[in-house]
Amino acid sequence: MSHEQSSKPSSGVKAVKAVESDSAESDDASQKSKTSAKAAVDPVAAALAAAFAAAASDDIYPLDHRSGPISRLVGEYVMDRRRVRKRTSELEGPGRAIGLFFSDHITDPCRIFTPLFTTWWNRVSSADKRDLSIILCCTESNKWMYHAYAATLPADTYHVPWEDGCVVRRVERIATKYNVNDLPCLFFIDTTNGDGLQPSGVEMILSDPSARNPCRPWIPLSIRDILLARSYIIAPKEKPDDHREYKYISVDGSKLENKYIAIYFSTSWAPECIAVSAILRSLYKSLRKAKVPFDVVYCSGALSEEKFLEDFYSVPWLALRYDDMRRKFLTHYFHIKGLPRLVLLDRNFRVITNFGHAALKHDALGQVCRASHGRRRL
């Protein structure tokens, strides 16, 4: 065989190359079809998908994985009113707390409350300020108005810095995390773990704007301390015709010591609340008649004091006053999302159940209280 004949490809080789060529052409065609399909995707849908993906991420700004809970929450830096940066990690530490101040300069309640907040903060002692910092979470979407409002607050307070407009999204995420729905709101949190300590900072300041009360709401209290801290009210047997003549009897909080306590979140107008209240009223009377140490603390969901008084006179048990900040605190403490809700505590103030309103229909609460009371007496 000559050299020229050996260099020519055989028919089998030609067939293989033809197959490879056809395969390559088909791959190119499929690649072009995929490219054209991608081009045909709705740009609006793509933009929405990208927006949802960005909103679903935990952090808007990249942070060191060693950052503390507050840094991950509000960002690596905060600013004072002179726009001087400060590392958020410098505000964290054991025994320290942060007050998240949700407000704006537009709504009337915020405009009325901001001067009161400033007065209160200026009168807080320097010793307390070593363990407490305030961070403004402003909902203003205009950059210049945002900074203008931040400049009206005391010099030793901070705000979430404005970063390309992302501050609004970050503030909304913080508000969602702590279930903040109304402005203004002052929510105290623990810097070591980000847990809520006291959601009722606004009510606290309105009741004591001069900071004369030594109470420090950023210091965590046990549920026992909260329930026994102040007095309760109970309605007299006769209800006056005019709501302006409504009166109540004050009962010391120490009366709840060594008792089973049902913390009842309800109203007098919702049908489901009315049904549960009727069952609870029957259980309350039967347990009291059997001399079981049991009491109910009523947390009304009324939106006005007049409605609260109507609720108050419709129940036979202890109630928190309308202006008692513990109403809002207990609502956040037990993560109350809807009414009715009944939380049952044992004699050591430990939670037996968070859903006692469901157990009422089967007298499960009564059985627990009676059985536990009987075992204690043996």
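Residues numbered from 1 in each chain as written. Predicted model: local features only at pLDDT ≥ 70, side-chain atom pairs only at ≥ 80, totals over all residues. Heavy atoms only, no water.

Novice: Tell me what's going on with the side chain of Glu92, and back it up with residues and numbers.
Specialist: Along the chain, the position of Glu92 falls in the loop between β2 (85–87) and β3 (97–103). Despite being buried, Glu92 has no salt bridge partner; Arg72 is the closest side chain of opposite charge, sitting 7.3 Å away. Polar contacts involving the side chain of Glu92 include one to the main-chain amide nitrogen of Ser71, which spans 3.0 Å. (Helix = DSSP H or I, 4+ residues; strand = E, 2+ residues; numbered from the N terminus. Buried < 20%, exposed > 50% of the residue type's maximum accessible area, 1.4 Å probe, protein only. Lys, Arg positive; Asp, Glu negative; His and termini not counted. Salt bridge = Lys/Arg side-chain N within 4 Å of Asp/Glu carboxyl O. Polar contact = N/O pair within 3.5 Å; in protein donor to acceptor, adjacent residues only side chain to side chain.)

Novice: I'd like a description of the environment of Gly253, backed by residues and values.
Specialist: Tracing the backbone through its elements, the reader meets Gly253 in the loop between β9 (249–251) and β10 (260–266). Spatially, the C-alpha atom of Gly253 lies 6.7 Å from that of Leu227, the residues being 26 residues apart in sequence. Leaving out residues up to four positions away in the same chain, Gly253 has contacts with Leu227, Leu228, Arg230, Ser231 and Tyr232. (Contact = heavy atoms within 4.5 Å.)

Novice: Which residues make up the packing of aromatic side chains, and what values do they have?
Specialist: According to the stated counting rule, one finds 13 aromatic pairs in the structure shown. Between Tyr146 and Trp162, the aromatic rings sit 5.3 Å apart at their centres with planes inclined by 65°, giving edge-to-face as the arrangement. In this pair, Tyr146 is assigned in helix α7 (residues 143–150) and Trp162 in the loop between β5 (158–159) and α8 (167–177), connecting sequence segments 16 residues apart. With respect to burial, Tyr146 and Trp162 carry one shared label: buried. Ring centres 6.5 Å apart and planes at 55° place the aromatic pair Tyr284 and Phe294 in the tilted group. Of this pair, Tyr284 sits in helix α11 (residues 271–289) while Phe294 is found in strand β11 (residues 294–300), placing the two residues ten residues apart along the sequence. (Phe/Tyr/Trp six-rings, centres within 6.5 Å; stacked < 30°, edge-to-face > 60°.)

Novice: Any chance you could break down the environment of Leu91 for me, citing the residues and the numbers?
Specialist: The residue Leu91 is located in the loop between β2 and β3 in this model. Assessed through its relative accessible area of 2%, Leu91 is described here as buried. Considering only alpha carbons, one finds Leu91 and Ser133, 42 residues apart in sequence, at a separation of 6.9 Å. What Leu91 contacts, discounting residues up to four positions off in sequence, is Val78, Lys86, Arg96, Ile98, Ser133, Ile135, Tyr158 and Thr191.

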